[in-house]
Number of protein chains: 2
Amino acid sequence: MTKNLATEELADQLHSAAIRLLRLVRVQDAASGIAPARLSALSVIVFGGPISLRDLAKAEQVRPPTMSRIVDALETQGLARRRIDQKDRRAVLIAATKKGATLLKQGRKRRVKFLASYLSRLDRVELSLIADALGAIQRALQPR
Amino acid sequence: MTKNLATEELADQLHSAAIRLLRLVRVQDAASGIAPARLSALSVIVFGGPISLRDLAKAEQVRPPTMSRIVDALETQGLARRRIDQKDRRAVLIAATKKGATLLKQGRKRRVKFLASYLSRLDRVELSLIADALGAIQRALQPR
DNA sequence: GTCATCGATTAGCTATGCTAATTATTCTCT
DNA sequence: AGAGAATAATTAGCATAGCTAATCGATGAC
């Protein structure tokens, strides 16, 4: 049982680090001029490709009506477009426009560069410790 | 310059991992019955101790009026209490009640146990890779 | 002691979350 | 094939959470 306790302690620290990390980079999002929920949804469609409203809502952990309105706003801002799914005409497929993809990627870049500026405090050895851990973290977080 | 590019690549992966991690554990918060903004503010006062409304707003990256209403709700739910700062009677000090601290810690526990259940897929070696990286990550994220 | 400044709140707006109800399409089943 | 159930999205209406501007009381500067 000692092992389980140690795993929980590790989970706790990893969890706290993730919170602090995202709190830190979130400051950069103001520069994008897009509201947070819209930015987050846009990131799913930019990196994941066209997706139904239902699946997008699931990915963002919100209900379909909420996502419907967020997509309304993205369309109004010219960042995404709906089209009817010809395989199931009840459904709608949501895709990013070129403008949406560009904006999202710029914002992501700002966040990443900002985070990188913090990582640059570390020496070569510390950076490779992180690189080595990332594979394990990614594997652990796979959906089951 | 190769080094800077590598650091950015690392930052990108770390950033994505943090997003996925928090998206994963967030599902557990529904069980707490507390709205997200309130839960997040509560966590700051539980772990950081009494704090002024202004500083709490800063910590949560919101404006004072927003935080004032969140604290209203926390007080109504019996999770936090305001008291006047006797060193500066304009200011207010916000502290968690016992109930608030208990609830927050239970919620945190749920998140951490849930994350730990994912980490338990990893073997001893992978877990120590993460443990070794955490120190470096924590150091990098220190406010400057 | 007066006046500017500062912390918190109130008022009023927009955005984002929800459930319930509606509409259109698809699926099931005889 | 057609009736009815199930499903995808939207609309309506509510609560929560974000903002700025304006206000009130306490503090600080001079």
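To be clear, the structure that these remarks concern was listed above.
Residues numbered from 1 in each chain as written. Chains lettered and ligands numbered in written order. Predicted model: local features only at pLDDT ≥ 70, side-chain atom pairs only at ≥ 80, totals over all residues. Heavy atoms only, no water.

Is there a simple way to explain the packing of aromatic side chains in this structure?
One pass over the structure, following the stated rule, counts two aromatic pairs over all chains. Between Phe114(A) and Tyr118(A), the aromatic rings sit 5.4 Å apart at their centres with planes inclined by 70°, giving edge-to-face as the arrangement. Here the residue Phe114(A) and the residue Tyr118(A) both occupy positions in helix H5 (residues 98-119), the gap between them amounting to four residues, near one helical turn. In this arrangement the basic side chain of Arg144(A) is found over the ring face of Tyr118(B), its NZ or CZ atom lying 3.9 Å from the centre. (Phe/Tyr/Trp six-rings, centres within 6.5 Å; stacked < 30°, edge-to-face > 60°. Helix = DSSP H or I, 4+ residues; strand = E, 2+ residues; numbered from the N terminus. Lys NZ or Arg CZ within 6 Å of the ring centre and 35° of its normal.)

Sorry if this is basic, but what is going on with the nonpolar core here?
When a protein is soluble and globular, its nonpolar side chains tend to lie buried together. One finds Leu119(A), Ile130(A), Leu119(B) and Ile130(B) to be the most contacted residues of the largest nonpolar core, which totals 46 residues. Counting residues per element, the ones that place at least two in this core are helix H1 (2-26), H5 and helix H6 (124-141) of chain A together with helix H1 (2-26), helix H5 (98-119) and helix H6 (124-141) of chain B. The residues contacting Ile130(A), other than those within four sequence positions of it, are Leu119(A), Leu122(A), Leu10(B), Leu14(B), Ala133(B), Ala136(B) and Ile137(B). (Core = buried A, V, L, I, M, F, W, Y, C linked by side-chain atoms within 4.5 Å. Buried < 20%, exposed > 50% of the residue type's maximum accessible area, 1.4 Å probe, protein only. Contact = heavy atoms within 4.5 Å.)

Explain the side chain of Ser52(B) here, please?
Its location among the elements puts Ser52(B) in strand S1 (residues 51-52). For Ser52(B), the side chain forms a polar contact with the main-chain nitrogen of Asp55(B), separated by 3.1 Å. (Polar contact = N/O pair within 3.5 Å; in protein donor to acceptor, adjacent residues only side chain to side chain.)

Sorry, what's going on with the protein's contact with DNA strand C here?
The immediate surroundings of DNA strand C are formed by 22 residues, with Arg63(A), Arg69(A), Arg54(B), Ser68(B) and Arg82(B) found nearest. Within the side chain of Arg69(A), a nitrogen or oxygen atom sits 2.6 Å from a base nitrogen of DNA strand C. Of all elements in the fold, only helix H2 (36-48) and helix H4 (64-76) of chain A together with helix H3 (53-59) and helix H4 (64-76) of chain B reach the threshold of two or more residues within the surface near DNA strand C. For the surface near DNA strand C, the element with the most residues is H4(A), which contributes four residues. (Near = heavy atom within 4 Å.)

Where do I start with the interface of chain B and chain A in this structure?
Size of an interface, as often reported, equals the accessible area lost when the parts are brought together. Across the boundary between the two partners, chain B contributes 58 residues, which contact 58 residues of chain A. Both faces considered, chain B and chain A share a buried interface measuring about 5800 Å² in area, 63% of it formed by carbon and sulfur atoms. Of all residues in chain B, the largest losses of buried area upon contact with chain A belong to His15(B), Leu141(B) and Arg144(B), amounting jointly to 12% of the total for that side. At the surface where chain B touches chain A, the tally comes to eight salt bridges. Scanning the region where chain B abuts chain A turns up 26 residue pairs in polar contact (both at pLDDT 80 or more). It is H1(B) that contributes the most residues to the side of chain B that touches chain A, 20 residues altogether. (Buried area = accessible area lost by both parts, 1.4 Å probe. Salt bridge = Lys/Arg side-chain N within 4 Å of Asp/Glu carboxyl O.)

I would appreciate a short explanation of the sheet that holds strand S3 (residues 92-96) of chain A in the present structure.
Working definition: the strands of a sheet are paired by backbone hydrogen bonds and lie parallel or antiparallel to each other. Residues and elements named next belong to chain A. Taken together, three strands build an open sheet; the order of strands is S1-S3-S2 and the sheet is antiparallel. Two strands close off the open sheet at either side, each with one partner strand: strand S1 (51-52) and strand S2 (80-84). The sheet contact formed by S2 and S3 spans five bridges and is antiparallel. Bridge pairing links Ala80 to Ala96 in S3. Together, S1, S2 and S3 form the strand contacts of H2, whose direction differs from that of S3 by roughly 90°. Across the face of the sheet, H4 comes into contact with S2 and S3 while running at roughly 115° to S2. (Pairing = 2+ DSSP bridges. Axes fitted to C-alpha atoms, helices over the stretch in contact; angles between N-to-C directions.)

Please clarify how the protein's contact with DNA strand D should be interpreted in this entry.
Surrounding DNA strand D, one finds 22 residues, the nearest of these being Arg54(A), Ser68(A), Arg82(A), Arg63(B) and Arg69(B). In DNA strand D, the atoms that sit within 4 Å of the protein are 70% sugar and phosphate, with bases accounting for the remainder. At 2.7 Å from a phosphate oxygen of DNA strand D is found a main-chain nitrogen or oxygen belonging to Arg63(B). Arg69(B) is positioned with one of its side-chain polar atoms (N or O) 2.5 Å from a base nitrogen of DNA strand D. Counting residues per element, the surface near DNA strand D draws most heavily on H4(B), which supplies four residues. Residues belonging to the surface near DNA strand D are distributed by class as follows: ten nonpolar, three polar and nine charged. (Nonpolar A, V, L, I, M, F, W, Y, C, P; charged D, E, K, R; others polar.)

Could you clarify how one ought to interpret the pairing of strand S3 (residues 92-96) of chain B in this entry?
Residues and elements named next belong to chain B. Of all five residues making up S3, four are buried, and the element is well covered by its neighbours. Sheet analysis places S1 next to S3, joined by two bridges and oriented antiparallel. Within S3, the position partnered with Ser52 by the bridge is Leu93.

Sorry, what's going on with the relation of the copies chain B and chain A here?
The relation between the two copies of this chain is a rotation about an axis and a shift parallel to it. Expressed as a screw transformation, the operator carrying chain B onto chain A has a rotation angle of 180° and an axial translation of 0.0 Å, and the superposed copies differ by an RMSD of 0.0 Å. The superposition of one copy onto the other is thereby described by a two-fold rotation axis. Closest approach to the rotation axis within chain B is made by the C-alpha atom of Ala18(B), at a distance of 2.4 Å. Interface residue correspondence from chain B to chain A reaches 100%, placing this contact among same-surface, isologous pairings. (Least-squares fit on C-alpha atoms with pLDDT ≥ 70 in both.)

Read these as spatial facts, not as claims about activity.
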